[in-house]
Amino acid sequence: GVGGIFFDDFEEPSKEKCFDFVSTCANAVIPSYIPLVKQHWNDPYTDANKKWQQLRRGRYVEFNLIYDRGTRFGLLTPGARFESILMSLPLTARWEYMHTPKAETAENDLMKVLKEPRDWV
């Protein structure tokens with residue numbers, strides 16, 4: 001998948017403005033995504049890339065099970081169908097204790113951005 005946008009408590013300033021915002025985001029996906037696919041279509045995909053993908057998926061699972069309000073609410077609801085809640089998680093993931101990407105790699109560059117967010121606007 002390509003990820004998504006999640007909104008918590010998104011109701012202001014009005015339902016119409018919220019809908020307009022979400023529509024604008026949705027309409028930007030294809031024009032943004034297709035050029036990236038074309039640019040990287042023939043890039044090699046190595047075992048190291050797969051390992052990195054699995055590690056990032058592991059962090060996504062961690063967030064969902066520990067921090068996500070909706071997932072926690074669902075898991076704590078009496079009579080919850082856990083398989084329905086957990087089926088949104090990736091089929092495969094990986095965890096390594098205190099993993100740090102090697103210097104001068106794309107993975108390390110990504111971690112710098114994630115740890116020190118920029119104001120892109």
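Residues numbered from 1 in each chain as written. Predicted model: local features only at pLDDT ≥ 70, side-chain atom pairs only at ≥ 80, totals over all residues. Heavy atoms only, no water.

Looking now at the side chain of Asn 64. By the element assignment, Asn 64 lies in helix H2 (residues 47–66). Looking at Asn 64, the relative accessible area reads 7%, which means it is buried. Setting aside chain neighbours within four positions, we find Asn 64 in contact with Thr 71 and Leu 89. (Helix = DSSP H or I, 4+ residues; strand = E, 2+ residues; numbered from the N terminus. Buried < 20%, exposed > 50% of the residue type's maximum accessible area, 1.4 Å probe, protein only. Contact = heavy atoms within 4.5 Å.)

Moving on to the layout of surface pockets. The calculated volume of the second largest pocket comes to roughly 460 Å³. If you trace the second largest pocket, you find 19 residues lining it, with Arg 56, Arg 59, Met 98, His 99 and Met 111 closest to the centre. With six residues, H2 is the largest single contributor of residues to the lining of the second largest pocket. The residue inventory of the lining of the second largest pocket, partitioned by class, reads eight nonpolar, four polar and seven charged. (1 Å grid on protein atoms, 1.4 Å probe; cavity = no way out; pocket = protein on both sides within 12 Å on 5 of 7 lines; lining within 4 Å. Points joined across faces, edges and corners; volume = space filled by probe spheres on them. Nonpolar A, V, L, I, M, F, W, Y, C, P; charged D, E, K, R; others polar.)

Take the environment of Thr 24 next. As for its position among the elements, Thr 24 is in helix H1 (residues 15–40). With relative accessibility at 55%, the residue Thr 24 sits in the exposed group. Linking Thr 24 and Trp 41, residues 17 residues apart in sequence, is a C-alpha distance of 26 Å.

This part is about unusual backbone geometry. A positive phi is found at Met 98, a non-glycine position, where the angle reads about 55°. Here Met 98 lies in the loop between helix H4 (82–86) and helix H5 (106–115).

Between the first and last C-alpha of H2 there are 29 Å, a value that for 20 residues agrees with the 28 Å anticipated at 1.5 Å per step. Regarding H2, the residues found buried are Trp 52, Gln 54, Leu 55, Gly 58, Val 61 and Asn 64. Elements in contact with the buried residues of H2: helix H3 (69–76) and H5. (Expected span 1.5 Å × (residues − 1).)

This part covers the pattern of salt bridges. For the structure shown, the criterion picks out four salt bridges. The residue Glu 96 makes a salt bridge to Lys 51 at a minimum N-O spacing of 3.3 Å. On the criterion of sequence distance, the pair formed by Glu 96 in the loop between H4 and H5 and Lys 51 in helix H2 is long-range, its members being 45 residues apart. Classification of Glu 96 by relative accessible area gives partly exposed; the value is 29%. Residue classification places Lys 51 among the partly exposed positions, given a relative accessible area of 33%. Arg 81 is paired through a salt bridge with Glu 83; the nearest N and O atoms lie 3.5 Å apart. The exposed category is assigned to Arg 81, whose relative accessible area is 54%. A single salt-bridge network, built from bridges that share partners, covers Lys 51, Arg 94 and Glu 96. (Salt bridge = Lys/Arg side-chain N within 4 Å of Asp/Glu carboxyl O.)

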